[in-house]
Amino acid sequence: MYLNTHSYYSFKYGTINTKSLLEIMQQAEVKTFALTDINSTAASINFVRLAPKFGIKPVLGIDFRNGADQLFVAIAQNNEGFKELNDYLSKYLHSKEEIPPRAPAFQHAFVVYPLSKYTGFELKKLEFIGVKPKNLPKLAYPPHQMDKQKLVAMPTATFRSKIDKETGERVVMKRDFNAHRLLRAIDKNTLLSKLPKTEEADPGDFIYPTEELKTVYSAHPYMLQNTEELLSQCHIHFDFEGENLNKNLKSFTESPEKDYQELEKLCEEGLPYRYPNPSKKIRTRIKTELDVIRQQGFMSYFLINWKLCKYAREKGYFYVGRGSGANSIVAYLLRITDVDPIELDLYFERFINLYRQNPPDFDIDFSWKDREDITQFIFKEFQHGEGGNVSLLAAYSTFQFRAVIRELGKVLGLPAHEIEHIQATSYNQLDETQKLVLRYGKYIEGFPSHLSIHAGGILISEKPIHYYTATDLPPKGFPTTHFDMIIAEDIGLYKFDILSQRGLGKIKDSLDIIARNHPEDEAIDIHNIAKFKKDERVKTMLKEGKAIGCFYVESPAMRMLLKKLRVDEYLGLVAASSVIRPGVAKSGMMRQYILRFREPERRNEAHPKLREIMPETYGVMVYQEDVIKVAHMFADLTLAEADVLRRGMSGKYRSRAEFQKVQEKYFVNCQKKGYSLELAKDIWRQIESFAGYAFAKGHSASYAVESYQSLYLKAYYPLEYMVATINNGGGFYRVELYAHEAFMHGADIQAPCVNQSEQLCTIYGKSIFMGFAFISELEHGTMEAILKERSENGVFMSFDNFMKRVPISLDQLSLLIRINAFRFTGIGKKELLWDAHFRLGNGKKSRPEKMLFDFGVKRFQIPELSYDHLEDAFDQIELLGFPLGNPFDMLKDRPEEEVMVREMGLHKNKEVTMVGYLIHIKNTNTSGGKRMQFGTWLDREGHFIDTTHFPPIAAKYPFRGKGIYELKGKIVEEFDFLSMEITAMRKLQYIHDPRLATEARHATMGVSS
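The rules behind the values
Residues numbered from 1 in each chain as written. Predicted model: local features only at pLDDT ≥ 70, side-chain atom pairs only at ≥ 80, totals over all residues. Heavy atoms only, no water. Core = buried A, V, L, I, M, F, W, Y, C linked by side-chain atoms within 4.5 Å. Buried < 20%, exposed > 50% of the residue type's maximum accessible area, 1.4 Å probe, protein only. Helix = DSSP H or I, 4+ residues; strand = E, 2+ residues; numbered from the N terminus. Contact = heavy atoms within 4.5 Å. Pairing = 2+ DSSP bridges. Right-handed = clockwise from strand over helix to strand, strands pointing away. Axes fitted to C-alpha atoms, helices over the stretch in contact; angles between N-to-C directions.

### Side note on the nonpolar core
And then number 1: Judged by nonpolar contacts, the single largest core of 110 residues is most densely connected at F802, L813 and L816.
And then number 2: Of the residues forming this core, the biggest block, 8 residues, is contributed by helix α29 (residues 697-716).
And then number 3: Every residue in contact with F802, bar those within four places of it in the chain, is listed here: V754, I786, F796, I808, L813, L816 and F822.
And then number 4: By size, the runner-up hydrophobic cluster in this structure holds 103 residues, among which are A109, A153, I186 and Y217.

What follows is the structure, given as structure tokens:
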């Protein structure tokens, strides 16, 4: 009897999640109702999936509104009707226009106008008037004496309800209604006290038990009959399991059979490139995979990925195919991935098996610069039939606790300091308003706030997307679903992951910069991974952990692991890429792996069966497929049950029920096989610790390929590679470290220069000029004006010449002077600033004029001004974020003792003092929940110091921001890796800013000797 029902996917309006809504309706003995969220279909598919579990027949519709103003409720008779509604809603969501007050002539959907909006217009066959309980008295009076066949009961279900103990009447649940009002105030960005009533729902919009609702409408039984008749004509169905589950584009060509023939042909064509002399093993693997792909109907999935990768290669775009699809030889032959599954013995069943209904994942990374064009290509290339079958996948942005506390504080009129007080104070110390904020913050936390866009998911469906959902049109300009990845998979729409990665931009840009800076060198084939794997320089860099700037292997943890393992070959790097993941570390198996890697005699500690299953990793579970192998071969679970574990590990399962069943069977099987309970528990603990963290081996291998590409470029062209790294936004660290790394490889790092710099960094020989874009607050328009003028009319001959040619304001000119961009003139910064103020001091912009002759400008005699070379360092810190010289030159006092990194080996297990420039802090917790930290620093000579700060020390000696610290502690060694366990730490002072000094600083303090 409910034709108008809202979940909390009526964003910033509803307050009940889908499952709770069904539970409440079940308790109210409702047998069928229509879910009609406001201009949203985000909950629709999941509602249809869940409803039968509660004995409820689902009906879908949409509450069409302009803002909070209800126009009409439309209810789909069937799936075609749902598509009609989605088409209509999407049209207005895309155009951002107001929805008209009258509905169009839907062919398969009912339209119900609220009584308050009915003005006597003629109703079409499928149109009705909905009457709320509060409007029933109005029906007794003209002009509301209308055709009874057109009247339906339309109580709006937005809130929970309860019986008032004093009056015995049913009333709205205050918590829901108050939360709703707060959400409306947040949505309208207004104080709650100023929220218009027109923006609120009626307090009477709550759920009645069925029998009470019949009583409410007892004087108008025909309305209930009409309502039930309307609902009885509505039938919606979606397949959530079985052979019809896969709803992706069915065929790439004309038919699935031709798809298979095309796939077979492409594999044959790809063989010479990947395997010049294919063995019988390779051909058998190809046939096995093709048979399974055909049986599962995944041909079009592979062909679509092949097509977009082919397009990327034709455009010169770099990409990396990863995910479990990297386990496939077919994907390797189609050049979707660059990982050889035969070389790595990648587990076929992890890639695809007959129990798996969803296609394997191909996460394809493109450069952040190229992804937009790839997305355009997909939308253009894969539309078919009537179109509209391609869309981006949405994600739900939810209210996070700290954010919702801030929002609630604002709408209740609390000042910023009070909002901070709420978050930092115990509940008992808060006043009533503050407690209210906290209570409703807890309640609203986790509510969906609005739709956002999934990081890279694109859907290509057989039917139009509007068959399943309405779409929005975000600023990116591509239609975007109303549901997320999990709902899409439930319905059988499996995403294509088109991801953005800056590492690929670095590789592409490096090749361009190398070609410009070394035109005489032979072009690099960046896909010749076999060559890179054998390269001695690359091997040495890996072994020594000297991989700053290189994809995935530059972090402090990875640098440490590489040094401990002394990895110098591909398989070792593949393993290291997965060993570093939290799941392996948490299980304690990272340490076991290192021990067994370095001390072969320890490999016998592994259970013989585990060593047999995982000989490469010495019986240690490192990859996702290791878990599947262990479940299948060690505990005799079926591949279907092992796949449950896989889904459980990746967090893609709905409940722990099926996971629990597999766990029980695991222990039963272990007992049958004669394993001790202790061993079974230990192995299960390792399996569980992988949840959400383990990499598939193919995924690690894909990462390793990109690591090798970047390692090779850095090994032979470190300066060009660092420029590309800086220009692509850096990597794990800040830009400063990459500038430092270039310096350590012999670069001359220069401040921006109006004659040499571009928008980004440039390199000439060994000189690297920072780009204009790195100067804080320098406007894009200023950069463009300088570069355009220089390009058209040549370099600037003098400061006067620049002023006559470039329109610029005083504040923008001052930035360029302070960063020393006019140093080619030989005139000091202070003199230039005086000159700039003289010319532009009244706030005007310089006005360039084209002149045949360059007449000089009248100059004034300026007295000699003091200058300290460290003034430049302070200006650079302010404008670039870091000094271009050695920061140690800026120290006020030099510590008496100072051990350098190169001397650490001489002081093992001794207490020493080191001095470090802070690069990175990693915060973590011990198993007991106490905070501890790891620090990464540079010493005076530019080499890395790694420090450990155990909880008592972390609490006693906290980090105090960027800068240089005196570090006291013990030098410890583990597996040849030297680090320092901190016992005390203090931040050292820089000299007084010489720009603020009244006279020049004549002391030599801080200057390198």
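### Considerations on the pairing of strand β2 (residues 32-35)
And then number 1: Residues of β2 alternate between two faces, with T32 and A34 on one and F33 and L35 on the opposite face, all of them buried.
And then number 2: With 2 bridges joining them, strand β1 (residues 2-5) and β2 adopt parallel strand pairing. Bridging across to β2, T5 finds its partner in L35.
And then number 3: Following the chain from β1 across helix α1 (residues 18-27) to the adjacent parallel β2, one finds a crossover that is right-handed.

### Some remarks on the side chain of E262
And then number 1: One can find E262 in helix α7 (residues 256-274).
And then number 2: Excluding its chain neighbours within four sequence positions, the residues that come into contact with E262 are L303 and W306.

### A short note on the sheet that holds strand β11 (residues 319-322)
And then number 1: In spatial order, the strands read β11-β12-β15-β14-β13; together these 5 strands make up an open sheet with mixed pairing. Either end of the sheet is taken by a strand with one partner, and the two such strands are β11 and β13 (390-398). For this sheet, the mean angle separating the axes of adjacent strands, direction not counted, is 40°.
And then number 2: Pairing of strand β14 (residues 448-460) with strand β15 (residues 496-501), which is carried by 2 bridges, proceeds in the antiparallel orientation. Residue pairing across strands places G457 opposite D497, the latter belonging to β15.

### Let's talk about the sheet that holds strand β16 (residues 748-750)
And then number 1: The sheet built from 3 strands is open, its strands ordered β16-β18-β17 with mixed pairing. Each edge of the open sheet carries a strand with a single partner, namely β16 and β17 (762-764). When strand polarity is set aside, the average angle formed by the axes of neighbouring strands in this sheet is 25°.
And then number 2: Inspection of the sheet shows β17 paired to strand β18 (residues 767-769) by 3 bridges, in the antiparallel sense. When the bridges of β18 are listed, I763 appears paired with I768.

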